[in-house]
Amino acid sequence: MASQKQSLPSFASLLSVLSIVFYCAGFLRVELELNEQKKRIIDLENNWENKAPDVPNRDKLTTNTHGKSFLASAENLVYTVDILSGFAYRETILKINKLLSELKPQLCQSNGHSCLPGPPGPPGPKGDKGSQGRRRNKGDQGIIGSPGMNGRQGITGPVGPKGDAGLKGQKGDMGPAGMPGAKGEPGESISAPAVAVSPKTLTVNEGGSASFQCSVSGNPKPAIKWIKTNRRSSGSVVSGGKLLLKNVRGSYSGTYNCSAVNILGEAQALVQLIVNVYPRVSLHPGPHHAIEGSNYTFPSCNVTGYPAPAVTWRKTSGPLPQGRVKYNNSALQILHISKDDSDFYFCSASNLLGRVEKKTFLVVVSPPRFIVKPSAKVFPGVGSTLTLDCKATGDPQPVISWKKQDGQLPAGRSRQLINGTLVIRDITMKDRGIYKCIAPYAKVFKTEAVTYIEFEKGNSFL
């Protein structure tokens, strides 16, 4: 069944074949009509030439009758071709136009006669666009026409500036008294302010927030104000009489006053704020030097905080020396100090918020001891060389130095040896004076041995 459907031609194919057949039939019919018309024209010309010469108005008749009939037949033939074919090939139309152009001079222009115009032919194809003509001069302006009708009303413009106020009119006559109004509701009774605060006492840690509520009553409504006693600065007041203090410090501790005022008087209430403060310690780090065998008191250990911190002392190497220590919180004293007391000492402070400590360093030194000292007074001769011996020992070993009181050592004539001896050459009377042998230790303490240079009577200046 499927194979039979595929073998049958489609409707479009049949329509195309039928269109080709009808077109070919129309074309053959046009060709037959043309041949028939041509044959008739030839027969007419032959018959006309064979007629007797006495036929009057032959040329005119030829022109008017035969020519008119021929032209009419030819034009009818063209019209018939257009109807039959629906659309004519260009070649067919060209053949017909050529035939008409060949016959028209013979039929219509003999003896100066012209043929009558036939019916208008079909419109020809559209020709190409011609070139643009030359532009002429602008003509004169025409006369002004009559005015047109009025347009619609435009939109309203912006309001103009307000004019000056007019003169005040005269006061009118008093009108009649109105009806008395209804009796009003009784008003609220006025009262003096009253204050209630909560909490009355509050304890917070340093860095926290504190909040107090002040509730007031009275009519008219009283104005509320918070202020710290003994200080003009006030806290941060929130609506409803609430006092809010944020990130509190130790200085915030104290008494705060809530006051309420209206026209009948003032009422007050007090609250107490306690701020717990972390302990803090301030102590000089040292080093501090003490002479062996003396009593030494450490620099003060300054401690702050709330509640008041407990202060304790300790040292790195162990407990404090028993029986030789005195201290009252910030002050520490060690009696009959010895070399073993050299160490780091810690001052600690603690309360309920925590514990902190700072350290300081103590160095115990032994004073130097002179093993060789210069004579208390010497009498050198003028121009001689003077040698002053001075030696000391200690822990650490002191380094000897010499100094002249109220002056300087002789420049260019004195030098100090490595063992501490001072040598002065070419002694003069100007070298008279007090000389000191100095043995420093720990760059803090020093020990001195003094000698005096004097000249005997009879010495003279050199």
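Just so it is clear, the structure is predicted and the values come from calculations on it, not from any experiment.

## Some details on the environment of V195
Moving on, step 1. Mapped onto the elements, V195 comes out in strand β1 (residues 191-198).
Moving on, step 2. In this structure the C-alpha to C-alpha distance between V195 and G218, which are 23 residues apart in sequence, comes to 9.2 Å.

## Some points on the pairing of strand β7 (residues 254-262)
Moving on, step 1. Of all nine residues making up β7, seven are buried, and the element is well covered by its neighbours.
Moving on, step 2. Hairpin connection from β7 to strand β8 (residues 265-282): two residues lie between these consecutive antiparallel strands.

## Comments concerning the confidence of the model for the chain
Moving on, step 1. Across the chain, the average pLDDT comes to 79, with 79% of residues at 70 or higher.
Moving on, step 2. Here residues 52-75 scores under 50 on pLDDT; set against residues more than four positions off or in separate chains, the count is 31 contacts.
Moving on, step 3. Scored below 50 in pLDDT, residues 77-88 shows 13 contacts in the model against residues more than four places distant or in partner chains.

## Some words on a nonpolar patch on the surface
Moving on, step 1. Taken together, the side chains of V17, L18, V21 and F22 make up a nonpolar region of the molecular surface, amounting to roughly 410 Å² of accessible area.
Moving on, step 2. Tracing the backbone shows L18 in helix α2 (residues 11-50).

## A look at the state of the cysteines
Moving on, step 1. Taken as a whole and judged by the stated rule, the model has three disulfides.
Moving on, step 2. Here C390 is linked by a disulfide to C437, with a sulfur-sulfur distance of 1.8 Å. Judged by the sign of its S-S torsion, about -85°, the bond between C390 and C437 is left-handed. Linking C390 in the loop between β18 (386-388) and β19 (391-395) with C437 in strand β23 (residues 433-441), this pair joins segments that are 47 residues apart in sequence.
Moving on, step 3. Residue C390 is classed as buried on the basis of its relative accessible area of 0%.

## Describing the side chain of D341
Moving on, step 1. Along the chain, D341 turns up in the loop between β14 (331-334) and β15 (343-351).
Moving on, step 2. D341 sits in the buried class, given a relative accessible area of 2%.
Moving on, step 3. In this view, D341 contacts K315, P321, R324, I334, H336, L362 and V364; residues no more than four positions away in its chain are not counted.

## What about the side chain of N262?
Moving on, step 1. Structurally, N262 can be placed in strand β7.
Moving on, step 2. Within the structure, N262 has its side chain in polar contact with the backbone oxygen of P220 (distance 3.0 Å).
Moving on, step 3. In this structure N262 touches S191, A192, P193, G218, N219, P220 and P222, once residues within four positions along its chain are discounted.

## Focus: the packing of aromatic side chains
Moving on, step 1. For the coordinates displayed, the defined rule picks out five aromatic pairs.
Moving on, step 2. Geometrically, the ring pair formed by F344 and F361 is tilted, given 4.6 Å between the ring centres and 40° between the ring planes. Highlighted residues: F344 in strand β15 and F361 in strand β16 (residues 354-372), separated in sequence by 17 residues.
Moving on, step 3. What makes F344 partly exposed here is its relative accessible area of 33%.
Moving on, step 4. Residue classification places F361 among the partly exposed residues on the basis of a relative accessible area of 28%.

Conventions we followed
- Within each chain, residues carry numbers counting from 1 in the order of the written sequence.
- Only residues with pLDDT of at least 70 get local features here, since the model is predicted, and only at 80 or more are side-chain atom pairs given and counted; chain-wide, interface and lining totals rely on the full set of residues.
- With hydrogens and water set aside, each side-chain value is computed from the structure's full complement of heavy atoms.
- Helix and strand assignments follow DSSP, with helices taken as H or I runs no shorter than four residues and strands as E runs no shorter than two, numbered in order from the N terminus.
- Burial status follows relative accessibility: with a 1.4 Å probe on protein chains alone, a residue under 20% of its type maximum counts as buried, one over 50% as exposed, and anything between as partly exposed.
- Any two strands with at least two DSSP bridges between them are considered paired.
- Each residue gets a pLDDT score, which is the predictor's confidence in that residue and runs from 0 to 100.
- Contacts are assigned to residue pairs that have any heavy atoms within 4.5 Å of one another.
- Candidates for patches are residues over 30% relative accessible area with no salt bridge; among them, like charges are joined within 9 Å and nonpolar side chains (Val, Leu, Ile, Met, Phe, Trp, Tyr) within 5 Å.
- For accessible areas, the Shrake-Rupley method is used with a probe of radius 1.4 Å. Any residue's cover is judged against the shown protein chains and nothing else.
- Salt bridges are identified by distance alone: a Lys or Arg side-chain nitrogen within 4 Å of an Asp or Glu carboxyl oxygen.
- When the sulfur atoms of two cysteines come within 2.5 Å, that pair is taken as a disulfide.
- Whenever two N or O atoms come within 3.5 Å, that pair is a polar contact, provided that in protein one can donate a hydrogen and the other can accept it, and provided that, for residues adjacent in sequence, both atoms are side-chain atoms.
- Note on aromatic pairs: the rings of Phe, Tyr and Trp (six-membered ring only in Trp) are paired at centre separations within 6.5 Å, and the planes decide the class, stacked below 30 degrees, edge-to-face beyond 60, tilted for the rest.

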